[in-house]
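Structural features, examined
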Amino acid sequence: MSMKQVDLSLTESGLDTALAAEILDAARRSRRHTLGLESFGILTAYGIPVVKTAFAKTEEEAVKAADDIGCPLVMKVISPQISHKSDVGGIMLSLQNTDEVRAAYREMMENIPKKRPDAVLEGFQLQQMLSGGKEVIIGMIRDPTFGPMLMFGLGGVYVEILRDVRFAIAPVNEKEAREMITGIKTYPLLAGVRGAKPSDTGSLAEIILKVSKLVCDFSEIEEFEINPVMVLEEGKGAFAVDMRLTLKKN
């Protein structure tokens, strides 16, 4: 169950730290300390692959986004007050055409304010729906003593149920990134068991290296999480699907 070697030069190529700094500065100026999907540009700036994504404020913009991205789609509400979207019906899966996108938009606009009247609905994120992959989480918490602590484990509901994660102090090198992946108890699920095809763990190691650089470059990032990262078969890559970032308040 070996892992493909990672080209460390990839972590340095195509970086746009100025863009990431601009996004973080804009958040501070608007007194926003928690960022979600709207800050996907930070991932792009660091060369972290993301699923095809578009932001829509109106029903017609949502339909156009569906045409641009292609179906099937996932549609998610964007609101600073809503962190668990599924609890309020703020996420719709497997939208197959523009009619279903329209229906999803109208349903969420009608029902979410009833469940969370305090929530400001800034719009909706539409994303390409990937299939056949496994969900993992890559995150960071900044420890007052040790600094940025990177985290890796299976994503989605598994991280809460199994709590099967590995930590490492950033910055990490390739060997340490690989050990984070192979060190979880459920690694055989990624390596491929009982005839299953192995996941693209090389792409995961590359993302860990880029996240390591990001959180070391910007000490104002208090917490950071990409959950899930959808990892496909070996050779097909891994893609960020959702993210959350918290800035220091001082």
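The rules we used
Residues numbered from 1 in each chain as written. Predicted model: local features only at pLDDT ≥ 70, side-chain atom pairs only at ≥ 80, totals over all residues. Heavy atoms only, no water. Pairing = 2+ DSSP bridges. Helix = DSSP H or I, 4+ residues; strand = E, 2+ residues; numbered from the N terminus. Axes fitted to C-alpha atoms, helices over the stretch in contact; angles between N-to-C directions. Contact = heavy atoms within 4.5 Å. Parallel < 35°, antiparallel > 145°, perpendicular 65-115°, else oblique. Left-handed = near helix turned anticlockwise from the far one by under 90°. Nonpolar A, V, L, I, M, F, W, Y, C, P; charged D, E, K, R; others polar. Salt bridge = Lys/Arg side-chain N within 4 Å of Asp/Glu carboxyl O. Buried < 20%, exposed > 50% of the residue type's maximum accessible area, 1.4 Å probe, protein only. Expected span 1.5 Å × (residues − 1). Arc of directions from axis to C-beta.

The strand order across the open sheet formed by 4 strands is 2-5-3-4, and the pairing between neighbours is antiparallel. Every other strand in the sheet has two partners, leaving strand 2 (53–56) and strand 4 (91–95) as the edge strands with one partner each. Here the strands of the sheet are splayed against their neighbours by 20 degrees on average, with no regard to which way each runs. When strand 3 (residues 73–78) meets strand 4, the two strands line up antiparallel, connected through 3 bridges. Looking across to strand 4, one finds that Leu 73 is bridged to Leu 95. Set on the sheet, helix 3 (residues 59–69) makes contact with strand 2, strand 3 and strand 5 (123–128); between it and strand 5 the angle comes to about 15 degrees. Set on the sheet, helix 4 (residues 98–115) makes contact with strand 3, strand 4 and strand 5; between it and strand 4 the angle comes to about 170 degrees.

Our next topic: the packing of helix 6 (residues 174–182) against helix 8 (residues 201–217). Contact geometry of helix 6 with helix 8 gives a least axis separation of 9 Å together with a crossing angle of 120 degrees. In terms of their interaxial angle, helix 6 and helix 8 are classed as oblique. In this structure, helix 6 meets helix 8 at a crossing whose hand is right-handed. For the pair helix 6 and helix 8, the contacting residues are Glu 174, Ala 177, Arg 178, Met 180 and Ile 181 in the first and Thr 201, Leu 204, Ala 205, Ile 208 and Leu 209 in the second. The class makeup of the residues in the contact of helix 6 with helix 8 is 7 nonpolar, 1 polar and 2 charged.

Throughout the structure, instances matching the rule amount to 15 salt bridges. As a salt-bridge pair, Arg 28 and Asp 25 come within 2.1 Å of each other at their nearest N and O atoms. Taken together, the positions of Arg 28 and Asp 25, both in helix 1 (residues 17–29) and 3 residues apart, correspond to about one turn of that helix. Residue classification places Asp 25 among the partly exposed residues on the basis of a relative accessible area of 29%.

With 13 residues, helix 1 should cover 18 Å at 1.5 Å per step; its first-to-last C-alpha distance of 18 Å lies within 8% of that length. Listed in full, the buried residues belonging to helix 1 are Ala 20, Leu 24 and Ala 27. The arc that holds every buried residue of helix 1, seen down its axis, measures 55 degrees, which confines them to one face. In helix 1, the exposed positions that point more than 90 degrees away from the buried face belong to Ala 18, Glu 22 and Arg 29. Check the buried side of helix 1 and you find it contacts strand 1 (34–35), helix 2 (40–45), strand 9 (221–231) and strand 11 (243–247).

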